[in-house]
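What follows is the residue order along each chain.
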Amino acid sequence: MKSQKLVAAGIFLWLALFCGGVVFAEPAAISIQGKLQLANGSALTGSRTYRVRFYNAVTAGSQLGGDRQGTVVIPDSGRFSLIVTPPSQILNQSTVYYELAIDSAAVPDGITADDVFPTRVQVTSVPFARNAGQLG
């Protein structure tokens, strides 16, 4: 029994020394997910362009960094998932919101004013990311 405690203590000490120098960082990307439907209730599908902008306010405010743009392929379910690397300017802000636009025309024609979602979404951190950022 005593030898098991010594082995456990040795392993713990080794882990503490080895892992003590590890630097944890906040994840470099965020995930935006949703489901898109047309006015008639059917799913919006196909290859669609998207644009994400970050702001310091839920309405008006200032844009933080440049546009994040790309293309997403939306399957028959209408569900999409975007992985976006936010601009470094969001790290200095106490509150950040993103504005999403996805080409929603029956025949894709690029991002227009009609493609911008009506409300911005607050960016939040999971506990892991907040704690990891403080460890660095």
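Quick notes on the rules
Residues numbered from 1 in each chain as written. Predicted model: local features only at pLDDT ≥ 70, side-chain atom pairs only at ≥ 80, totals over all residues. Heavy atoms only, no water. Pairing = 2+ DSSP bridges. Helix = DSSP H or I, 4+ residues; strand = E, 2+ residues; numbered from the N terminus. Core = buried A, V, L, I, M, F, W, Y, C linked by side-chain atoms within 4.5 Å. Buried < 20%, exposed > 50% of the residue type's maximum accessible area, 1.4 Å probe, protein only. Contact = heavy atoms within 4.5 Å. Salt bridge = Lys/Arg side-chain N within 4 Å of Asp/Glu carboxyl O.

Asks: Before we go on, may I ask you to explain the sheet that holds strand β5 (residues 97-102) in this structure?
Replies: Sheet strands pair via backbone hydrogen bonds, and the direction of the pair is either parallel or antiparallel. One open sheet holds the 4 strands; their spatial order is β3-β2-β5-β6, and the pairing between them is antiparallel. With partners counted over all chains shown, the strands left at the sheet margins are β3 (68-74) and β6 (121-122), one partner each. Strand direction decides the pairing type here: strand β2 (residues 46-55) and β3, joined by 7 bridges, are antiparallel. Within the sheet, the bridge partner assigned to Thr49 lies in β3 and is Thr71.

Asks: Would you explain the nonpolar core in this entry?
Replies: Nonpolar side chains in soluble globular proteins generally cluster together in the buried interior. Counting residues in hydrophobic clusters, the biggest one holds 17 residues, and the most contacted among them are Ile32, Val52, Phe54, Phe80, Leu82, Leu100 and Ile102. Counting residues per element, the ones that place at least two in this core are β2, β3, β4 (79-84) and β5. Setting aside its immediate chain neighbours within four residues, Phe80 contacts Ile32, Gln33, Gly34, Lys35, Leu36, Val72, Ile74, Leu100 and Ile102.

Asks: How should the pattern of salt bridges be read in this particular structure?
Replies: Any two side chains of opposite charge can pair, given that their charged atoms come close. Per the stated rule, a full pass over the model turns up 3 salt bridges. Here Arg120 makes a salt bridge to Glu99, at a shortest N to O gap of 3.8 Å. One end of the pair, Arg120, is in the loop between β5 and β6; the other, Glu99, is in strand β5, with 21 residues separating them in the sequence. The same class applies to Arg120 as to Glu99, namely buried. What emerges from the salt-bridge pattern is a single network uniting Arg51, Glu99 and Arg120.

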